Amino acid sequence: MGEVLVASQAALAEEGRKVVSVDGVEIGIFLVGTEIVAWLNHCPHQGGPVCQGRLMKAVEERLDDDKKSLGIHYKEGSLNIVCPWHGFEFDVRTGKYAGASSLKLKSVPVSIRDGGVYVRV
Amino acid sequence: MSDQPKISELPIIDAYTHSNDILAKVQQQSADRRMEDYLIVDVDSHIGDAEAWPEVLKFIENDATREAAAFFGGGTGRGAFINNQPGLQMQHVGGRIPHGAALQEKIDDKSVPRVVTLARRAMDSMGLSYQVFFPSALLFLGMHPVREMEVELALAYNRWIVEHVLPHEPRMKAMLYLPFNTPEAAEAMVKRFIGAKGVCGFLVTSTRYAPVHANEYMRVYSMLEEAGMPIGFHAHHNWNNEYTKQLNRFLSMHAISFVLSNLVHMTNWVINGLPERFPKLKVMWIESGLAWVPFLMQRLDHEYLMRVSEAPLLKRLPSEYMQEMFYTVQPMEATNMKLLEGTFEAIKADTQLLYASDWPHWDFDVPSRIYDLPFLNEQSKRNILGGNAAKVFNLEIPERYKSKY
């Protein structure tokens, strides 16, 4: 199909995310800081609509010098996309699963030019 | 004809999203796999719990309890007398799974109960011919400190389903709650509701401290055997158990306690020879996943062979009896496909395994999970997704599937 205009740059800047279907191919486009990434809207677990889920910080369990737990806290600077079906979490920048697994979201080429957001399908 | 691609925007999914939007990809999966001629029966779903509770309360027959119930939940009746645990409210994983808190979507159709509309939406999205449903609210009722409350609430719930819900939708079926802590009340429940339209079995919630081999239960089992009605043991979590109290995460507690209760009940069931006493009784183990079954088969066979004097009613190995019982698939542990294949073989999945979604709970399984298993042939997939359930529950197979079953 080639390159397809799916949104305006202004709309993406305002909302931070667009999830679109292009002839049935579902793609999530995310603006993370100044970086733009796009992932297939397909969770590698059960095929859920991962890009339509919540964007949340990752968590970490903090330990003190004696390795005693200080509890679970948000990890500053992180951002995960969470599949709304079963909670599988992926780093929205890299598409990598947040925990001990090699699962990864499938990337889609995306670019911005002339005020438009284009994906290659 | 335009060459322009068709572009549409998809919604962000939150707690208020329409079930059809949450489950849109299930429909797509079924279409991609050409599953339209597969009979699919969902043996375990839990739709519309909290919202429906005030409706259920109207069916409490003891007016003193019924009137008192209306004062719970800030005068709404919500949560009245339910002996619930905080863990049940942690299904949304800290807000990560929005529908895990509750299906809060808007429903304008007031002609049928809300649960009927929600069930129809799930059935349509998942391509189900039948759905057996059960409110989560009662899953911990077997631990209620007020014994008679289990009986009163169970009766109200069973009446609500039979009189208020099932008449609206023939695709909805129910396994009715047995107030198992009071055996004579369980018998009365079977007598009262057996043969009621849409009732396809009876259910024991497994979270309780009641040995299933106690003599007081023999009449109930006998009644169900005679009627050809399945009895299900539906697992649930229990964070109050002395062992599970040590677990500090919901995932740890959930992983262990959903299995622990059925490990105990199954062991008592087999070692006390209940399959020999009630050979025609259909027994089903629900929502413990599958990995526990081959573990227990091996463990019980091993111990039985050395201590046969403690299980004199058995004429075969424990595992052989377990192969004749029924299991629901969800939550299917599938991180090791070799072990899963071995499990399917051990439990004779072709005839004994039934698809269950557990929708809308946080660990629900979609039908394509079964369809995509690489070690199943087409007939096995058809059996597990619907054929086995049709046989166990005596469900009429819709005309369009008949040639395949």
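Let me begin by describing the structure that accompanies this report. (Residues numbered from 1 in each chain as written. Chains lettered and ligands numbered in written order. Predicted model: local features only at pLDDT ≥ 70, side-chain atom pairs only at ≥ 80, totals over all residues.)

The next point concerns the overall build of chain A. Helix and strand counts for chain A stand at 1 helix and 11 strands. Counting helices and strands in the order they occur from the N terminus, chain A gives β-α-β-β-β-β-β-β-β-β-β-β. When each of the 121 residues of chain A is scored for burial, the buried share is 32%. (Helix = DSSP H or I, 4+ residues; strand = E, 2+ residues; numbered from the N terminus. Buried ≥ 20, exposed ≤ 12 C-beta atoms within 10 Å, placed from the backbone.)

Looking now at the sheet that holds strand S8 (residues 80-82) of chain A. Residues and elements named next belong to chain A. Judged by pairing direction, the sheet is antiparallel, and its 3 strands sit side by side in the order S5-S8-S9 without closing on themselves. Either end of the sheet is taken by a strand with one partner, and the two such strands are strand S5 (55-56) and strand S9 (89-91). In terms of strand pairing, S5 meets S8 through 2 bridges, oriented antiparallel. When the sheet's bridge partners are listed, Met-56 is paired in S8 with Asn-80. (Pairing = 2+ DSSP bridges.)

Before going further, it helps to examine the environment of Arg-369 of chain B. Within the element layout of this structure, Arg-369 of chain B appears in helix H15 (residues 368-371). The exposure class of Arg-369 of chain B is buried, given the 21 C-beta atoms found within 10 Å. Placed 16 residues apart in sequence, Arg-369 of chain B and Leu-385 of chain B show a C-alpha to C-alpha distance of 9.9 Å. Residues in contact with Arg-369 of chain B, not counting those within four places in the same chain, are Gln-46 of chain A together with Met-332 of chain B. (Contact = placed C-beta atoms within 7 Å.)

Attention shifts here to the interface of chain B and chain A. Listed by partner, the interface residues are 22 residues for chain B and 22 residues for chain A. Elements that contribute at least two residues to the side of chain B that touches chain A include exactly strand S1 (7-9), helix H2 (24-32) and H15 of chain B. Taken together, the residues of the side of chain B that touches chain A break down into 12 nonpolar, 4 polar and 6 charged. Pairing of strand S2 (residues 17-22) of chain A with S1 of chain B, which is carried by 3 bridges, proceeds in the antiparallel orientation. Across the sheet, the residue bridging to Ser-21 of chain A is Ser-8 of chain B, located in S1 of chain B. (Nonpolar A, V, L, I, M, F, W, Y, C, P; charged D, E, K, R; others polar.)

Glancing now at the nonpolar core. Ranked by internal contacts, the top residues of the largest apolar core, which has 113 residues, are Leu-354 and Tyr-355 of chain B. Tallying contributions element by element places helix H6 (residues 147-165) of chain B first for this core, with 9 residues. Leu-354 of chain B has contacts with Val-43, Phe-326, Thr-328, Val-329, Ile-384, Asn-388, Ala-389 and Val-392 of chain B, leaving out every residue within four places of it along the chain. Counting 23 residues, the second-largest nonpolar core is a separate cluster that includes Leu-12, Cys-51, Ile-81 and Val-117 of chain A. (Core = buried A, V, L, I, M, F, W, Y, C linked by C-beta atoms within 7 Å.)

A separate point is the sheet that holds strand S10 (residues 110-113) of chain A. All names here are of chain A. Sheet architecture is open: 3 strands sit in the order S1-S11-S10, paired in antiparallel fashion. With one partner strand each, in any of the chains shown, strand S1 (3-8) and S10 form the two edges of the open sheet. Recorded for the sheet is a direction-independent mean angle of 30° between the axes of neighbouring strands. The sheet contact formed by S10 and strand S11 (residues 116-120) spans 4 bridges and is antiparallel. (Axes fitted to C-alpha atoms, helices over the stretch in contact; angles between N-to-C directions.)

Once that is clear, we can look at the packing of helix H11 (residues 292-306) of chain B against helix H13 (residues 337-346) of chain B. Residue and element names in this part refer to chain B. Viewed as axis vectors pointing N to C, H11 and H13 meet at an angle of 60°, and their least axial separation amounts to 9 Å. Taken as axis vectors, H11 and H13 run oblique relative to one another. Relative to H13, H11 is oriented so that their crossing is left-handed. Contact residues: H11 offers Val-293, Pro-294 and Met-297, while H13 offers Gly-342, Thr-343 and Ala-346. Grouping the amino acids of the contact of H11 with H13 by side-chain chemistry returns 4 nonpolar, 2 polar and no charged. (Parallel < 35°, antiparallel > 145°, perpendicular 65-115°, else oblique. Left-handed = near helix turned anticlockwise from the far one by under 90°.)

This part is about the pairing of strand S7 (residues 283-286) of chain B. In regular strands, side chains alternate between the two faces of the sheet. All names here are of chain B. Side-chain alternation along S7 places Val-283 and Trp-285 on one buried face and Met-284 and Ile-286 on a second face that is also buried. With 4 bridges joining them, strand S6 (residues 231-234) and S7 adopt parallel strand pairing. Counterpart to Ile-231 in the pairing with S7 is Val-283.

Take unusual backbone geometry next. A cis amide bond, omega -5°, links Gln-330 of chain B with the succeeding residue Pro-331 of chain B. Within the secondary structure, Pro-331 of chain B is located in the loop between strand S8 (326-328) and H13. Cis peptide bonds are those with omega within 30 degrees of zero, and the linkage from Trp-359 of chain B to Pro-360 of chain B qualifies with 5°. Within the secondary structure layout, Pro-360 of chain B lies in the loop between strand S9 (353-354) and H15. A positive phi angle, close to 65°, is found at Lys-67 of chain A, a residue other than glycine. Structurally, the position occupied by Lys-67 of chain A is in the loop between strand S6 (59-63) and strand S7 (69-74).

Residue and element names in this part refer to chain B. Checked against the element boundaries, Arg-147 lands in helix H6. Here Arg-147 falls in the exposed class, since 11 other C-beta atoms lie within 10 Å of it. Sequence separation of Arg-147 and Pro-179 is 32 residues, and the distance between their C-alpha atoms is 9.0 Å. Aside from chain neighbours lying at most four places away, what touches Arg-147 is Asn-181 and Thr-182.

Residues and elements named next belong to chain B. Considered for burial, the residues of helix H7 (residues 183-193) that qualify are Ala-186, Met-189 and Val-190. In a view along the axis of H7, the buried residues occupy a sector of 95°, so they form one face of it. Pointing more than 90 degrees away from the buried face of H7 are the exposed residues Glu-184 and Lys-191. Taken from the residues just after H7, Gly-195 is the one with a positive phi, measuring 90°. (Arc of directions from axis to C-beta.)

Below, the discussion takes up the environment of Gly-2 of chain A. All names here are of chain A. With respect to the secondary-structure elements, Gly-2 resides in the segment before S1. With 8 C-beta atoms counted inside 10 Å, the residue Gly-2 sits in the exposed group. Sequence separation between Gly-2 and Leu-31 is 29 residues, and the spatial gap between their C-alpha atoms is 22 Å.

Before going further, it helps to examine the packing of helix H9 (residues 250-271) of chain B against H11 of chain B. Residues and elements named next belong to chain B. Taken N-terminus to C-terminus, the directions of H9 and H11 make an angle of 40°; their axes are 11 Å apart at the nearest point. It follows from the interaxial angle that H9 and H11 lie oblique. At the point where H9 passes H11, the crossing takes the right-handed sense. Residues Val-259, Asn-262, Leu-263, Met-266, Thr-267 and Val-270 of H9 lie in contact with H11, whose contacting residues are Trp-292, Leu-296 and Leu-300.

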